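Residues per chain are reported as follows:
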Amino acid sequence: MKAIELLLQDVQSTDPRTRDLAALDLMDIGDERAIHALWAAIERPENVNHRGTLVYALSAFDPSTHLESLVMLALTGNFEVSLGAVSILDSATHPPESLERIRVQLARHPADGLTEGHHTTALRALRELIQIE
């Protein structure tokens, strides 16, 4: 396995294979420095259709500092990204203040603006998570 510094660089690579392998290694290592690098790669416009593994790698870390971003990925990402974001949110333990942050983010994203069937499914799952009927 590569040193953490090299992996943090590789996760920013334009080569999808290099980027994905680095993301999976960072996930396995579990070093918190990976969170920023993974989010930076997720947010790069050129990766918009290649973020599934990056989101999956985030599942190894505490999602509390990025709840709003995960909600947005769930409601706007492709199928793999949406499913991954919902899975991360669903598997985490959320104190009441985190659930409120998710609730506020959902309120900012109207259901009639969802463009894909999997976005509607994600919205339903997130509403169940925060116990909105």
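Residues numbered from 1 in each chain as written. Predicted model: local features only at pLDDT ≥ 70, side-chain atom pairs only at ≥ 80, totals over all residues. Heavy atoms only, no water.

1. Notes on the overall build of the protein chain
Part 1 of the reasoning: Helix and strand content of the protein chain: eight helices and zero strands.
Part 2 of the reasoning: For the protein chain, the α and β elements follow one another from N to C terminus as α-α-α-α-α-α-α-α.
Part 3 of the reasoning: For 133 residues, the compact-globule estimate of 2.2 N^0.38 gives 14 Å, and the protein chain sits close to it at 15 Å.
Part 4 of the reasoning: Referenced to the eigenvectors of the C-alpha coordinate spread, the extents of the protein chain come out at roughly 45 × 30 × 20 Å.
Part 5 of the reasoning: Residue burial in the protein chain is summarised as follows: out of 133 residues, 42% are buried.
Part 6 of the reasoning: Within the protein chain, contacts between residues separated by at least 24 positions form 67% of all contacts whose residues are at least 6 apart in sequence.
Part 7 of the reasoning: Accessible surface for the protein chain amounts to roughly 7,300 Å². Of this, 53% is attributable to carbon and sulfur atoms.
Part 8 of the reasoning: The average position of the 11 basic charges and that of the 20 acidic charges among the side chains of the protein chain differ by 3 Å. (Helix = DSSP H or I, 4+ residues; strand = E, 2+ residues; numbered from the N terminus. Rg over C-alpha atoms; globule rule 2.2 N^0.38 Å. Buried < 20%, exposed > 50% of the residue type's maximum accessible area, 1.4 Å probe, protein only. Contact = heavy atoms within 4.5 Å. Areas by Shrake-Rupley, 256 points an atom, 1.4 Å probe, with all protein chains shown as cover. Lys, Arg positive; Asp, Glu negative; His and termini not counted. Charge placed at Lys NZ, Arg CZ, Asp CG, Glu CD.)

2. A closer look at the packing of helix 5 (residues 67-76) against helix 7 (residues 96-107)
Part 1 of the reasoning: It is the contact of helix 5 with helix 7, at a shortest axis distance of 9 Å, that shows an interaxial angle of 45 degrees. With respect to helix 7, the axis of helix 5 lies oblique. Here the hand of the crossing between helix 5 and helix 7 comes out right-handed. Contacts between helix 5 and helix 7 pair Leu-67, Glu-68, Val-71, Met-72 and Leu-75 from the former with Ser-98, Arg-101, Ile-102, Gln-105 and Leu-106 from the latter. (Axes fitted to C-alpha atoms, helices over the stretch in contact; angles between N-to-C directions. Parallel < 35°, antiparallel > 145°, perpendicular 65-115°, else oblique. Left-handed = near helix turned anticlockwise from the far one by under 90°.)

3. Concerning a nonpolar patch on the surface
Part 1 of the reasoning: Residues Leu-21, Leu-24 and Tyr-56 make up a contiguous nonpolar surface patch of roughly 270 Å² in combined accessible area.
Part 2 of the reasoning: For Tyr-56, the location among the structural elements is in helix 4 (residues 52-58). (Patch = residues over 30% accessible without salt bridge, like charges linked within 9 Å, V, L, I, M, F, W, Y side chains within 5 Å. Salt bridge = Lys/Arg side-chain N within 4 Å of Asp/Glu carboxyl O.)

4. Some thoughts on the side chain of His-118
Part 1 of the reasoning: Inspection of the secondary structure puts His-118 in helix 8 (residues 117-129).
Part 2 of the reasoning: A distance of 3.3 Å separates a polar atom in the side chain of His-118 from a polar atom in the side chain of His-119.
Part 3 of the reasoning: What His-118 contacts, discounting residues up to four positions off in sequence, is Gly-77, Asn-78, Phe-79 and Ser-82. (Polar contact = N/O pair within 3.5 Å; in protein donor to acceptor, adjacent residues only side chain to side chain.)

5. Looking at the nonpolar core
Part 1 of the reasoning: Core analysis: the biggest nonpolar cluster contains 39 residues, and Val-11, Leu-38, Leu-75, Leu-89, Ile-102, Leu-106 and Leu-126 have the highest contact counts within it.
Part 2 of the reasoning: For this core, the secondary-structure elements that each account for two or more residues are helix 1 (4-10), helix 2 (16-29), helix 3 (33-43), helix 4, helix 5, helix 6 (79-91), helix 7 and helix 8.
Part 3 of the reasoning: Counting residues per element, this core draws most heavily on helix 3, at seven residues. (Core = buried A, V, L, I, M, F, W, Y, C linked by side-chain atoms within 4.5 Å.)

6. Remarks on helix 3
Part 1 of the reasoning: Taken as a whole, helix 3 has its buried residues at Ala-34, Ile-35, Ala-37, Leu-38, Trp-39, Ala-41 and Ile-42.
Part 2 of the reasoning: In this structure, the buried residues of helix 3 make contact with helix 1, helix 2, helix 4 and helix 5.

Just distances and angles here, no functional claims.
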